[in-house]
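Here is how the chains run, residue by residue.
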Amino acid sequence: MSQAQKTSKKNLWLIPLCILAAVALIAGLVFASSAERKAVITKTLNSFYNALYVDSNWDALVGCIAEAKRDNFESAMSMGGVMPSFFFNYKQEAVLTLGEGFGVSVRLNELTEYGASEAAALQENFPGTEKAALAKYEIIFTTAQGEEQVYTNQMILIMVSGHWYMTTHLTLPIGANMTIGE
């Protein structure tokens, strides 16, 4: 046996090691991508609930809603245009329920990502949908005394132009529930 053949047999163990390293790298990238997606969706939900209950920030609220449903959202939050500042009532009800100085946060419990065909089906109602996911989460209200009130909810979110948006019926824990269009 030549020296080159002996050397190649000695290095044969490198092939499975390289394959294992590649698989580990791919798994790590998938996990990192999923973790980032969860963080971004959680941020979208946190922004919405803080804008509604803590800040009463109309622009931040609207920025969380899919563009295709923003008109419906505006109509629902203004009582059909009759009371443009109706959405302020959500903060007032939260203060009455929880007291001054409360906070709100979201804990994402489960994220089910939709396949390409499911995301494509959503394009009929939400043009430009690139990805979609069903988020199951908790809305956590914390009083100034540190007491928590926890509410569960689920919602479909879509990605359009690289940003995640809320799409569906909102079950609001404090204040009237509403539908962002059917």
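Chemist: For this particular structure, what's the right way to read the packing of aromatic side chains?
Modeler: When we look at a pair of aromatic rings, we describe it by the centre distance and by the angle of the planes. Here the structure, examined in full by the defined rule, presents ten aromatic pairs. Residues Tyr-49 and Tyr-137 carry aromatic rings whose centres are separated by 6.1 Å and whose planes lie at 50 degrees to one another, so their mutual orientation is tilted. You can see Tyr-49 sitting in helix 2 (residues 14-55) and its partner Tyr-137 sitting in strand 2 (residues 129-142), a full 88 residues away along the chain. When its relative accessible area of 0% is taken as the criterion, Tyr-49 is described as buried.

Chemist: Can you walk me through the sheet that holds strand 3 (residues 148-160) in this structure?
Modeler: The strand order across the open sheet built from four strands is 1-2-3-4, with neighbouring strands paired in antiparallel fashion. Two strands close off the open sheet at either side, each with one partner strand: strand 1 (103-113) and strand 4 (163-166). Direction aside, the axes of adjacent strands within the sheet are offset by 35 degrees on average. As defined by bridge partners, strand 2 adjoins strand 3 across 13 bridges and the pair is classed as antiparallel. Pairing of Tyr-137 across the sheet is with Asn-153, part of strand 3.

Chemist: Looking at this model, I keep getting lost on helix 5 (residues 88-98). Mind explaining?
Modeler: Because each turn of an α-helix spans 3.6 residues, side chains separated by three or four positions end up pointing in the same direction. Taken together, the buried positions of helix 5 are Tyr-90, Ala-94 and Leu-98. Buried positions in helix 5, seen along its axis, are confined to an arc of 45 degrees and lie on one side of it. Directly after helix 5, the chain includes Gly-99, whose backbone phi takes a positive value near 90 degrees.

Chemist: So what exactly am I meant to see when it comes to the side chain of Arg-37 here?
Modeler: Mapped onto the elements of the fold, Arg-37 is located in helix 2. Not counting chain neighbours up to four residues away, the residues in contact with Arg-37 comprise Leu-111, Glu-113, Lys-131 and Trp-164.

Chemist: What should I look at first to understand the environment of Ala-68 in this one?
Modeler: With respect to the helices and strands, Ala-68 occurs in the loop between helix 3 (58-63) and helix 4 (70-77). Expressed as a C-alpha distance, the spacing of Ala-68 and Thr-167, which sit 99 residues apart in the sequence, is 8.6 Å. Those residues in contact with Ala-68, other than ones at most four positions away along the chain, are Asn-125, Phe-126 and Pro-127.

Chemist: Explain the nonpolar core to me, please; I cannot follow it from the model alone.
Modeler: The nonpolar side chains of soluble globular proteins are, as a tendency, buried together. Leu-45, Phe-48, Tyr-49, Tyr-53 and Tyr-137 are the most contacted members of the largest nonpolar core, which totals 35 residues. Counting only elements with at least two residues in this core, the list comes to helix 2, helix 3, helix 4, helix 5, strand 1, strand 2, strand 3 and strand 4. Considering every element that reaches this core, the biggest residue donor is helix 2, with seven residues. By size, the runner-up hydrophobic cluster in this structure holds ten residues, among which are Ala-66, Ile-156, Ile-158 and Val-160.

Chemist: I would appreciate a short explanation of the pattern of salt bridges in the present structure.
Modeler: Once the charged atoms of two side chains with opposite charge are near each other, the side chains can pair. Evaluation of the coordinates by the stated rule reveals two salt bridges. For Glu-113, the salt bridge identified is with Arg-37, shortest N-O distance 2.9 Å. Pair noted here: Glu-113 is in strand 1 and Arg-37 is in helix 2, with a separation of 76 residues, a long-range link. As a salt-bridge pair, Glu-138 and Arg-107 come within 2.7 Å of each other at their nearest N and O atoms. Taken as a pair, Glu-138 in strand 2 and Arg-107 in strand 1 lie far apart in primary sequence, 31 residues in all.

Chemist: Is there a simple way to think about unusual backbone geometry in this case?
Modeler: Peptide bonds are trans in most cases, and residues, glycine excluded, mostly fall at negative phi. For Ser-56, which is not a glycine, the phi torsion comes out positive at approximately 50 degrees. By relative accessible area, Ser-56 is classed as buried at 11%.

How each quantity is defined
Residues numbered from 1 in each chain as written. Predicted model: local features only at pLDDT ≥ 70, side-chain atom pairs only at ≥ 80, totals over all residues. Heavy atoms only, no water. Phe/Tyr/Trp six-rings, centres within 6.5 Å; stacked < 30°, edge-to-face > 60°. Helix = DSSP H or I, 4+ residues; strand = E, 2+ residues; numbered from the N terminus. Buried < 20%, exposed > 50% of the residue type's maximum accessible area, 1.4 Å probe, protein only. Pairing = 2+ DSSP bridges. Axes fitted to C-alpha atoms, helices over the stretch in contact; angles between N-to-C directions. Arc of directions from axis to C-beta. Contact = heavy atoms within 4.5 Å. Core = buried A, V, L, I, M, F, W, Y, C linked by side-chain atoms within 4.5 Å. Salt bridge = Lys/Arg side-chain N within 4 Å of Asp/Glu carboxyl O.

The values are spatial; any link to function lies outside them.
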